[in-house]
Amino acid sequence: MTAETPFDCYCRLLVDSTPDLDPDELKLDSRLDDLGVDSLALLQLIVQLEEAFELSMPDEAWPETFESVESLWLVVSGLLEHASSVVPSQLCDTS
């Protein structure tokens, strides 16, 4: 079995947190609100991302930065790059 990449984990958490989202509709330029991610769902997704990647979203990035699938991923991936040691939690399959 192939290990889940951080981006795969990100996409899975996004799909899992949005019940009506068809995974085939998930594109980098998709606006989160167009995918059905309202402010409460976004907050829940951010908490899941913080737990999964063991990081903390900066307050200054919230919420304008999180308009699209890509913009949120850029923040997450940037934080992952700057983390000294990233050990994804059980939410991300690393096997």
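These remarks concern the structure in this document. (Residues numbered from 1 in each chain as written. Predicted model: local features only at pLDDT ≥ 70, side-chain atom pairs only at ≥ 80, totals over all residues. Heavy atoms only, no water.)

### Comments concerning a nonpolar patch on the surface
Argument step 1. A contiguous nonpolar surface patch, about 350 Å² in accessible area, is contributed by L40, L43, V47 and W62.
Argument step 2. Mapped onto the elements of the fold, W62 is located in the loop between α2 (39-53) and α3 (69-82). (Patch = residues over 30% accessible without salt bridge, like charges linked within 9 Å, V, L, I, M, F, W, Y side chains within 5 Å. Areas by Shrake-Rupley, 256 points an atom, 1.4 Å probe, with all protein chains shown as cover. Salt bridge = Lys/Arg side-chain N within 4 Å of Asp/Glu carboxyl O. Helix = DSSP H or I, 4+ residues; strand = E, 2+ residues; numbered from the N terminus.)

### Let's talk about the environment of A83
Argument step 1. Among the secondary structure elements, A83 is positioned in the segment after α3.
Argument step 2. For the pair A83 and L55, spaced 28 residues apart in the sequence, the C-alpha separation amounts to 8.0 Å.

### Quick notes on unusual backbone geometry
Argument step 1. Of note, the phi angle at E54 is positive, near 50 degrees, even though the residue is not glycine.
Argument step 2. Mapped onto the elements of the fold, E54 is located in the loop between α2 and α3.

### Things to note about the nonpolar core
Argument step 1. In terms of nonpolar packing, the biggest core is built from 28 residues, with L49, M57, F66, L72 and V76 touching the most fellow members.
Argument step 2. Contributions of two or more residues to this core are made by α1 (6-16), α2 and α3.
Argument step 3. Of the residues forming this core, the biggest block, seven residues, is contributed by α2. (Core = buried A, V, L, I, M, F, W, Y, C linked by side-chain atoms within 4.5 Å. Buried < 20%, exposed > 50% of the residue type's maximum accessible area, 1.4 Å probe, protein only.)

### Concerning the pattern of salt bridges
Argument step 1. By the definition in use, this model includes four salt bridges.
Argument step 2. The salt bridge partner of E4 is R12, with a shortest N-O separation of 2.9 Å.
Argument step 3. Among the ionic pairs, D33 bridges to R31, the shortest N-O distance being 3.2 Å.
Argument step 4. Overlapping salt bridges, with partners in common, bring together E4, R12 and D16 in one network.

### Here we look at the packing of α1 against α2
Argument step 1. In contact at an axis separation of 10 Å, α1 and α2 are set at 150 degrees when each is read in the N-to-C sense. What the angle tells us is that α1 and α2 run roughly antiparallel. You can see that α1 and α2 cross each other, and the crossing is right-handed. From α1, P6, C9, Y10, L13 and L14 reach across to α2, where they touch L45, Q48, L49, A52 and F53.
Argument step 2. Partitioning the contact of α1 with α2 into residue classes produces nine nonpolar, one polar and no charged. (Axes fitted to C-alpha atoms, helices over the stretch in contact; angles between N-to-C directions. Parallel < 35°, antiparallel > 145°, perpendicular 65-115°, else oblique. Left-handed = near helix turned anticlockwise from the far one by under 90°. Contact = heavy atoms within 4.5 Å. Nonpolar A, V, L, I, M, F, W, Y, C, P; charged D, E, K, R; others polar.)

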